[in-house]
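So the chains spell out like this:
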Amino acid sequence: MIKKEMIAMLLAGGQGSRLGVLTSKMAKPAVAFGGKYRIIDFPLSNCINSGVDTVGVLTQYRPLKLNSHIGIGIPWDLDRNIGGVSVLPPYEKSTNSEWYTGTANAIYQNMEYMESHNPDYVLILSGDHIYKMDYEIMLDFHKANHAEVTIAVMPVPIEEASRFGIMITDENKRITEFEEKPAHPRSNLASMGIYIFNWKTLKEALLAMAEQPALDFGKHIIPYCHQQGAPLYTYEYTGYWKDVGTLSSYWQANMELIDIVPEFNLYEEYWKIYTKSESLPPQFLSSDSVVERSIIGEGSSIYGQVYSSVIGCNVTIGAGTVIRDSIIMNQAQIGAGCQIEKAIVAEEVRIGNNVKLGVGEERENETAPHIYNSGLVTIGEKSVIPDGVSVGKNSVVFGVTAVDDYENFYLASGKTLIKAGE
């Protein structure tokens, strides 16, 4: 086996429960983003753009869509005889079989994979963040400081710092203390969940802490390395970074792509975002259509009006339909005469004619207000909404629904309609 200087381990097993019905049938990193991409495309593209050509992708929750998207890694130039991309689900061992129970436990269960490459350094990544980062520059920083662990951090508003792992550093950026989600944070340097470890240091920490239940980097591995006196450093990142873990942050990140000067630019030549692309025809805009400040995916046919929205690939939008401030994912079919405002419509949804989404007063969702909020309407994958139905704000529909499921063709704001079997 040819030795690799640095390999990446990409944690992509998350259920992403705060994305509600969007992740009921797929892992969060497989959720569509920005018209033609999936969330995992961003860390994978960062890897190949940074010269990291050996990536282990750790999957667990509903991995089918994610696995078929990654395939053998061709879009990211990761179809290598040596290295390349490997999908690493949990597997049965001779003595016992267990799911990945924590971020570090997932890495621990794949010691053999890492050992087979015998790297000098291991890069740990999360599969559900939107950002561009050159990991090679971070590695140079790691080497220059003779670090054993380097943690990518970014400054956050101090009032939000209690949601993160917080680093307290000296003037040389060496970590003096580490606080996991502190009630009273003493610093605003938040961990991004991106780590570079010396392989020897990581291996020793994983073996020493292996018996910890739900073995986690923030709670167990980082504190262990710190206690052992390993030099830990922070690498400060100042670019665009978005955790799209909630429906409102996911919607917001998509909307930011269509700003006049987008903070996150999908069109930079020198840092391309790669994805698995179908062979699709170009998009079609009819003579009556209107499109303003929107992204329209390949193969989509627009007969209506689209304003400030992100439209995926192979979407059809019927005549007389008006869409505003919405995300419409791949292969959705929207009928004629619809009004859709501030909605997230998942893949392969069928919406009939004269349907209205996002109407009425805004009310708190009755079943999961912590998920369905910010005035958004969420329609889950492969759902069907019949002709003439109106759906209120902060509401969710999932499944094949009929007119009888709605009271007078109406689902009020804050209501949840999930059909059995979904």
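Before reading further, recall that the structure is shown in the block above.
Thresholds, definitions, all that
- Residues numbered from 1 in each chain as written.
- Predicted model: local features only at pLDDT ≥ 70, side-chain atom pairs only at ≥ 80, totals over all residues.
- Heavy atoms only, no water.
- Axes fitted to C-alpha atoms, helices over the stretch in contact; angles between N-to-C directions.
- Helix = DSSP H or I, 4+ residues; strand = E, 2+ residues; numbered from the N terminus.
- Left-handed = near helix turned anticlockwise from the far one by under 90°.
- Contact = heavy atoms within 4.5 Å.
- Nonpolar A, V, L, I, M, F, W, Y, C, P; charged D, E, K, R; others polar.
- Salt bridge = Lys/Arg side-chain N within 4 Å of Asp/Glu carboxyl O.
- Buried < 20%, exposed > 50% of the residue type's maximum accessible area, 1.4 Å probe, protein only.
- Pairing = 2+ DSSP bridges.

Chemist: I'd like a description of the packing of helix α6 (residues 199-209) against helix α7 (residues 217-227), backed by residues and values.
Modeler: Their axes nearest at 10 Å, the elements α6 and α7 cross at an angle of 115°. Of the two elements, α6 crosses α7, and the hand of that crossing is right-handed. Of the residues in α7, those touching α6 at T201, L202, E204, A205, L206, A208 and M209 are F217, H220, I221, Y224 and C225. Tallied by class, residues from the contact of α6 with α7 come to nine nonpolar, two polar and one charged.

Chemist: Give me the pattern of salt bridges: which residues, what numbers.
Modeler: Within the structure shown, the criterion is met by 12 salt bridges. The partner of D53 in a salt bridge is K4, and the shortest N-O contact between them spans 3.2 Å. With D53 in the loop between α1 (41-49) and β4 (54-58) and K4 in the segment before β1 (6-11), the pair connects residues that are 49 residues apart, well separated along the chain. Look at D53 and you get buried, because its relative accessible area is 17%. Ionic pairing is found between K28 and D128, a salt bridge with its closest N-O pair at 3.1 Å.

Chemist: Outline the pairing of strand β10 (residues 175-180), supporting the account with residue identities and numerical values.
Modeler: Pairing of strand β9 (residues 165-169) with β10, which is carried by five bridges, proceeds in the antiparallel orientation. When the bridges of β10 are listed, I168 appears paired with E177. Linking β9 back to β10 in an antiparallel pair, the connection comprises five residues, with K173 at a positive phi of about 75°.

Chemist: Any details on the sheet that holds strand β31 (residues 396-398)? Residues and values, ideally.
Modeler: Note: strands within a sheet are paired through backbone hydrogen bonds, in either parallel or antiparallel orientation. Taken in spatial order, the seven strands make up an open sheet running β16-β19-β22-β25-β28-β31-β33, and their pairing is parallel. Each edge of the open sheet carries a strand with a single partner, namely β16 (295-296) and β33 (416-418).

Chemist: Can you lay out the sheet that holds strand β17 (residues 301-302) for me, pointing to particular residues and giving the numbers?
Modeler: The sheet built from six strands is open, its strands ordered β14-β17-β20-β23-β26-β29 with parallel pairing. Taken across any chain shown, the strands that pair with only one partner, and hence form the sheet edges, are β14 (284-285) and β29 (384-385). Sheet topology note: the strand β20 (residues 316-317)/strand β23 (residues 333-334) ladder contains two bridges and is parallel. What sits directly across from I317, in β23, is I334.

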